[in-house]
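# Summary of the model geometry
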Amino acid sequence: MTTTDVQTAAVPTRPARRDGLTLAAAVSLLVITVLHTAVFAPHPWWQAWLAGPFRTDPLPADALVQFWGLPGGFVVPGALLSLLILAAGRRGSTVPGYVGWVLALWALVCLWIVGPSGFVLLLVPATLLILAAARAPRGGASNAR
């Protein structure tokens, strides 16, 4: 072992400082996906969907609406996005500001289309992501170590 190796080994590594705004955004988005699932999960179409006849037959309108609200909706991508954001926040990083801006724009367009609804909740993680990116060095670029 050389002197350089000993000096390098002796220097304690600091854990990455977690980004609180990014973590809060991730947790709030994950809570929204869980709440969305809890509200829309109990309905009668699950058995029919899982049986498979709709792969060849047209869906009734109610089944189609419910499908896009749950298994075909934003829950899985929203949960995945929240987990990616959570990982970034735990590393002390932020996600690019456009993630928050796109999430906010999507929520506002959906609110304009359907009126007051759960989409207003998406403005919370969107705002937190925008603030975290604005606060980060280099205009929101990742500051991972």
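For the structure itself, consult the block above.
A brief structural summary. In this text, all values refer to a predicted model and were calculated from it rather than measured experimentally.

### Structural notes on the pattern of salt bridges
Per the counting criterion, the structure on display carries 1 salt bridge. In this structure, the salt-bridge partner of R135 is D19, at a minimum N-O distance of 2.6 Å. Separated by 116 residues along the polypeptide, R135 in helix α7 (residues 123-135) and D19 in the loop between α1 (3-10) and α2 (20-40) bring together distant segments of the chain. Here D19 falls in the buried class, since its relative accessible area comes to 8%.

### Structural notes on the packing of α2 against helix α5 (residues 75-90)
For the pair α2 and α5, the least separation of the axes is 8 Å and the interaxial angle reads 160 degrees. Between α2 and α5, the angle falls in the class roughly antiparallel. As for the relative orientation of α2 and α5, their crossing is left-handed in sense. From α2, T22, L23, A26, V27, L29, L30, T33, H36 and T37 reach across to α5, where they touch V75, G78, A79, L81, S82, L83, I85, L86, G89 and R90.

### Some remarks on the packing of aromatic side chains
Tallied over the full model, the rule gives 3 aromatic pairs. Ring centres of F67 and W68 lie 5.0 Å apart, and the angle between their planes is 80 degrees; on these two criteria the pair is classed as edge-to-face. By relative accessible area, W68 is classed as exposed at 55%. Both rings, one in W106 and one in F119, keep their centres 5.5 Å apart while their planes meet at 85 degrees; by these two values the pair is edge-to-face. Here W106, found in helix α6 (residues 97-114), pairs with F119, found in the loop between α6 and α7; they are 13 residues apart in sequence, far enough to count as distant. Judged by relative accessible area, which is 35%, W106 ranks as partly exposed. Through successive ring pairs, a cluster of aromatic residues spans F74, W106 and F119.

Calculation notes
- Residues numbered from 1 in each chain as written.
- Predicted model: local features only at pLDDT ≥ 70, side-chain atom pairs only at ≥ 80, totals over all residues.
- Heavy atoms only, no water.
- Salt bridge = Lys/Arg side-chain N within 4 Å of Asp/Glu carboxyl O.
- Helix = DSSP H or I, 4+ residues; strand = E, 2+ residues; numbered from the N terminus.
- Buried < 20%, exposed > 50% of the residue type's maximum accessible area, 1.4 Å probe, protein only.
- Axes fitted to C-alpha atoms, helices over the stretch in contact; angles between N-to-C directions.
- Parallel < 35°, antiparallel > 145°, perpendicular 65-115°, else oblique.
- Left-handed = near helix turned anticlockwise from the far one by under 90°.
- Contact = heavy atoms within 4.5 Å.
- Phe/Tyr/Trp six-rings, centres within 6.5 Å; stacked < 30°, edge-to-face > 60°.

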